[in-house]
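Coordinate inspection notes
Each chain is listed here by its residues.
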Amino acid sequence: MSDVALVSSPNVGIAKPEESKKYVNELTTLNLGPTHPATHGIFQNILTMDGETIIDSEQTVGYIHRAFEKIAERRPLYQITTLTDRMNYCSSPINNMGWHMTVEKLLGIEVPKRAQYMRVIMMELARIADHIICNSILAVDTGAMTGFLYVMQWRENIYEIYEELCGARLTTNMGRFGGMERDFSAEAIRKIKHFLSEFPKALREFESMVKRNRIFMDRTIGVGGISGERALNYGFTGPNLRAAGIDYDVRAMNPYSSYEDFEFDVPVGTTGDTYDRFLVRGEEMWQSLRIIQQAMDNLPEGPYHADAPHYYLPPKQEVYRNMEALIYHFKIVMGEIDAPVGEVYHSVEGGNGELGFYLVSDGGRTPYRLKFRRPCYIYYQAFPEMIKGSTLSDAIITMSSMNVIAGELDT
Amino acid sequence: MSDRTIKTVEAPQGLEGQGFFAAKLDDLVGLARANSLWPLPFATSCCGIEFMATMASHYDLARFGAERISFSARQADVLMVMGTIAKKMAPVVKQVYLQMAEPRWVMAVGACASSGGVFDTYSVLQGIDRIIPVDVYVPGCPPRPEQILDGFMQIQELAKTEQRRRRESPEYKALLNSYGIE
Amino acid sequence: MTNEQIAQDLVSKFGEDKIYGIVENYGLLNVTTSVDTIVPLLHYLYQHPTFKFQFLTDLGGIHFPDAVGQELGVIYHLHSLENNVRLIIKLYVPIESPVVPTITKLYAAADWMEREAFDFYGILFEGHPNLKRILNTDDMDYHPMRKEYPMEDATRQDKIDALFGR
Ligand code: SF4
């Protein structure tokens, strides 16, 4: 056993500022955050600066720690969906669906094809909403406010589609174990079609404004880069990893919810810098549109939820008329239904990367342990390394292009 | 745009004659204040995203005289706390409040800021009114942008009708003292 | 490369007393190991010519108050991106001395994950460069995710019995 040679890991020797090195200026300590408008969230960075150059930084997180994992141990499976909404609130439907799929895996519920396609449509819309914010805010941080106001209008349209399906705009709580809560209404279909035909124009315009903009390129190219090897060692996933040239995408690698039926490309970058992250996210929006188009074209007929009376709420009319439905309704809402014993891990491709749910159930009504794998939390660790040696203004846009969501990071 | 209509606020009650207009100073100051409130968005989580929507083109908070979002506490009039405030964050909120100049108003947006919301846990502050006085609570998880706007209009109403001497009154001092603010 | 091959390879390399509790949960291989094996095991899996488990997906703690001598656990999720195979490794330590060697030397990602496990469960990662609380405030004097601690905020007064007519 002891004959295992230890790997000389790529992780040795991360440079701390050497004491002996002569700095040009006196070192300054600068506190950035926790309520700094440029950090888009509640993060604190204590920077050690040599003039304009960042020598070292220390992060503090946890400013909105809400103890999700503790709450999850006290709530029936059904009520945990509410928590997942509030994790990455820029793309809540992805979190909801990821959680539903985890539980369905545990319970062995087979979801009908139509529901799977509907989920794909909603998840891809959520991805677009997520990437819109990230990319347009990045543009704002480099000084281009107009683009933000312009594409935010389209995010409103996505919210309207959500509203058709669940009544909420942001914390969607969309879908149920076993499928969707309701079918697409005619209005929802009209809105999605409208979005599919109109959004590309807006996106193209936004991209033509920013993508080859000299100022934007000068500000972002070569800023905050990370190599593919380091990114893997830091546990990067999602667009940030793909920008560093590694084509890991959960949708392609471990397809869930019928992603194998769709044709889409996984865009990758080369240098992992801010500009690459911007491009990867931009291209992913196009791919998402492609997926939604395919799903809309081939949307199968049939039921939109599985026949799982123990977990899927009966329709309200039935509850009023039918004894059995009333009992199921009561039991589900009160969380009186025990989950089977088991351990299950399921992951989906969230807006920021692999969003995983590790659920340990001991047969009670609540999970024994629920661990969320939050992509933000894991890759935000690399931030000090990515900004070392750059200027303060570069650090700001590096952070904004990483799309760190405080709610997801701190749970 | 030729069909543009310019809206002006109504003048307060007063005495009008040829070449003069007399009204109470309180009313005039209130009017001016109410229509030029500078909000300080203290956005921590989900509700902050809805604030972003409120601010952006579709809902446009700027229509209410809040064009300038003041990220500096020193020049802000309304502290809009949006999102969960964890216990770790509580001192920061208080500090920001203390940095603001009088008159200052506070708006708690969303269930979390008002009462802790769904997070009745060891790490979350159960409502910001435990550390600072709050003027307007906006319910919802998250509130819709319309609701946030409505809350903002309530603040405008407060600003409009506020007595000019309120901030020096012993009642106000006692209120601040009860939060440990001198 | 199947789960069986991995399990067999690990058992033949480290011995049955070090690699046990081999089960498959929903297609995912789970193995349990001991505290002194975890570092060599992860290094072995990292440089294995075919397995190549070189991605740390997640790391988290768990608490079983009734398992005497094995109250606290650490769960490692590994992923071999090349083969697209996942592996879960568990280890348990007694609550009196929950000391586990750190793996930050191998995976940079483990830094905050271990800090989180320390914050939540009080698992001490030996050799960790900066083992302090991460999500909770520094002055907290207990590890809140342990089963005996309540979830609710203790200062809330609107949940008293009188208000519920009890
Ligand atoms: S009230 Fe709801 S939406 Fe607002 S911050 Fe709290 S959990 Fe998020």
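The residue numbers shown here count from 1 along each chain, following its written sequence. To read the labels, note that chains go from A and ligands from 1, taken in the order they are written. With the structure being a predicted model, the display of local features is reserved for residues of pLDDT at least 70 and the display and counting of side-chain atom pairs for 80 or more, all residues being used for whole-chain, interface and lining totals. To get the side-chain values, take all heavy atoms of the structure and skip hydrogens and water.

**Concerning the site of the ligand**
Our working rule: Any residue with at least one heavy atom within 4 Å of a molecule or strand is counted as near it. For helices the rule is a DSSP run of H or I covering at least 4 residues; for strands it is a run of E covering at least 2, with both sets numbered from the N terminus onward. Note on residue categories: nonpolar means Ala, Val, Leu, Ile, Met, Phe, Trp, Tyr, Cys or Pro, charged means Asp, Glu, Lys or Arg, and polar means any other residue, Gly included.
Around the ligand there are 13 residues in total, and B:Cys46, B:Cys47, B:Ala111, B:Cys112 and B:Cys141 lie nearest to it. Residues lining the ligand come from chains A and B. At the level of secondary structure, the elements contributing two or more residues to the shell around the ligand comprise helix 2 (46-55) and helix 4 (110-115) of chain B. If one sorts the elements of the shell around the ligand by residue count, helix 4 of chain B sits on top with three residues. Residue composition of the shell around the ligand, by class: seven nonpolar, five polar and one charged.

**Looking at the interface of chain A and chain B**
Here is the rule we go by: Contacts are residue-level and defined by heavy atoms, with any inter-residue pair within 4.5 Å sufficient. We define buried area as the total accessible area lost by two parts upon association, computed with a 1.4 Å probe and summed across both. Salt bridges, as used here, are contacts in which a Lys or Arg side-chain nitrogen is within 4 Å of a carboxyl oxygen on Asp or Glu. The term polar contact refers here to a pair of N or O atoms within 3.5 Å; inside protein, the definition further demands a hydrogen-donor-capable atom paired with an acceptor-capable atom, and it admits residues adjacent in sequence only when both atoms are side-chain atoms.
Across the boundary between the two partners, chain A contributes 33 residues, which contact 30 residues of chain B. For the pairing of chain A and chain B, the buried interface totals around 2,700 Å² over both sides, and the portion due to carbon and sulfur atoms is 68%. The three residues of chain A that bury the most area against chain B are A:Tyr63, A:Arg66 and A:Arg169, which together make up 19% of that side's buried surface. For the pair chain A and chain B, the number of links is two salt bridges. Residues A:Arg169 and B:Glu50 are paired through a salt bridge, measuring 2.7 Å at the closest nitrogen-oxygen approach. Across the contact surface, chain A and chain B share nine residue pairs in polar contact (both at pLDDT 80 or more). Those elements that provide at least two residues to the side of chain A that touches chain B are helix 1 (68-72), helix 4 (113-141) and helix 5 (145-166) of chain A. Examining the composition of the side of chain A that touches chain B, we find that eight residues originate from one element, helix 5 of chain A, more than from any other. Taken together, the residues that form the side of chain A that touches chain B break down as 20 nonpolar, six polar and seven charged.

**Quick look at the packing of helix 2 (residues 77-85) of chain A against helix 3 (residues 92-107) of chain A**
Residues and elements named next belong to chain A. What counts is decided by this rule: Only the stretch in contact is used when fitting a helix axis, every axis being a line fitted to C-alpha atoms; angles between N-to-C directions are given from 0 to 180 degrees. For classification purposes, an angle smaller than 35 degrees is called roughly parallel, one larger than 145 roughly antiparallel, one from 65 to 115 roughly perpendicular, and anything else oblique. By convention, the crossing between two helices is left-handed when the near helix turns anticlockwise from the far helix through less than a right angle, and right-handed when the turn is clockwise.
For the pair helix 2 and helix 3, interaxial distance at closest approach is 8 Å and the crossing angle is 150°. The pairing of helix 2 with helix 3 is recorded here as roughly antiparallel in orientation. Judged by the twist between their axes, the crossing of helix 2 over helix 3 is right-handed. The segment helix 2 lies against helix 3, with Leu 77, Ile 80, Thr 81, Thr 84 and Asp 85 engaging Ser 92, Asn 95, Asn 96, Trp 99, His 100 and Val 103. Split by residue class, the contact of helix 2 with helix 3 holds four nonpolar, six polar and one charged.

**Some remarks on the pattern of salt bridges**
Residues and elements named next belong to chain A. Operational definition: Here the term buried applies to any residue with accessible area under 20% of the maximum for its type, exposed to any over 50%, and partly exposed to those in between, with areas from a 1.4 Å probe on protein chains only.
What the rule picks out here adds up to 40 salt bridges over all chains. Note that Asp 85 and Arg 86 form a salt bridge whose closest N and O atoms lie 3.4 Å from each other. The class of Asp 85 is buried, set by a relative accessible area of 1%. Under the relative-accessibility criterion, Arg 86 is labelled buried at 5%. Across the pair Arg 242 and Glu 349 runs a salt bridge, and its minimum N-O distance is 3.1 Å. Highlighted residues: Arg 242 in helix 9 (residues 238-243) and Glu 349 in strand 4 (residues 341-349), separated in sequence by 107 residues. There is no split in this pair, since Arg 242 and Glu 349 are both buried. The network of salt bridges with common partners includes Glu 124, Arg 127, Arg 242, Asp 249, Arg 251, Glu 284 and Glu 349.

**Focus on the sheet that holds strand 1 (residues 27-32) of chain A**
All names here are of chain A. Stated formally: A pair of strands is treated as paired once DSSP finds two or more bridges between them.
The antiparallel open sheet is built from three strands, whose spatial order is 1-2-3. Here the strands that pair on one side only, and so sit at the sheet edges, are strand 1 and strand 3 (53-60). Each strand axis lies, on average, 20° off the axis of its neighbour in the sheet, ignoring direction.

**A few points about the packing of aromatic side chains**
Given two aromatic rings, one states the distance between the centres and the angle between the planes to describe the pair. Short version of the rule: Aromatic rings from Phe, Tyr and Trp, taking only the six-membered ring of Trp, are treated as a pair when their centres fall within 6.5 Å; an angle between ring planes under 30 degrees marks them as stacked, one over 60 as edge-to-face, and anything in between as tilted. Distance and angle both matter: a charge sits over a ring if NZ of Lys or CZ of Arg is within 6 Å of the ring centre and within 35 degrees of the ring normal.
Per the counting criterion, the structure on display carries 28 aromatic pairs over all chains. For the ring pair C:Phe51 and C:Phe53, a centre distance of 6.4 Å and an interplane angle of 75° mean the geometry is edge-to-face. Side by side, C:Phe51 and C:Phe53 carry an identical accessibility label, which is buried. Of the aromatic side chains, those joined through ring pairs into one cluster are A:Phe68, A:Trp99, A:Phe177, A:Phe357, A:Phe372 and B:Phe119. In this structure, B:Lys88 packs its charged tip against the face of A:Tyr63, placed 5.5 Å from the ring centre. Above the plane of the ring of B:Tyr97 lies B:Arg104, whose end atom (NZ or CZ) is 4.2 Å from the centre.

**Here's the deal with the nonpolar core**
What counts, and what does not: We call a set of buried residues a nonpolar core when its members are Ala, Val, Leu, Ile, Met, Phe, Trp, Tyr or Cys and they connect through side-chain atoms within 4.5 Å of each other. Where a domain begins and ends is set by an automatic assignment or by a domain database.
Core analysis: the biggest nonpolar cluster contains 207 residues, and A:Ile121, A:Met122, A:Phe236, B:Leu79, C:Tyr76 and C:Ile89 have the highest contact counts within it. Looking at this core, you find at least three residues from each of domain 1 (2-60) and domain 2 (68-307 + 338-410) of chain A. Contact partners of B:Leu79, with chain neighbours within four places excluded, come to B:Leu40, B:Phe42, B:Val96, B:Tyr97, B:Met100, B:Trp105, B:Val106, B:Met107 and B:Ile132. Core analysis: the second largest hydrophobic core is formed by 22 residues, B:Ala34, B:Val109, B:Val138 and B:Leu149 among them.

**A few points about the domain arrangement of chain A**
Residue and element names in this part refer to chain A. Assigned domains within chain A: domain 1 (2-60) and domain 2 (68-307 + 338-410). Taking the mean C-alpha position of each, domain 1 and domain 2 sit 29 Å from one another. Every contact between the two is made by 23 residues of domain 1 and, on the other side, 25 residues of domain 2. Carbon and sulfur atoms make up 61% of the surface buried where domain 1 meets domain 2, a total of about 1,900 Å² over both sides. When the buried surface of domain 1 facing domain 2 is broken down by residue, Phe 43, Ile 54 and Gln 59 rank first, second and third, together holding 31% of it.

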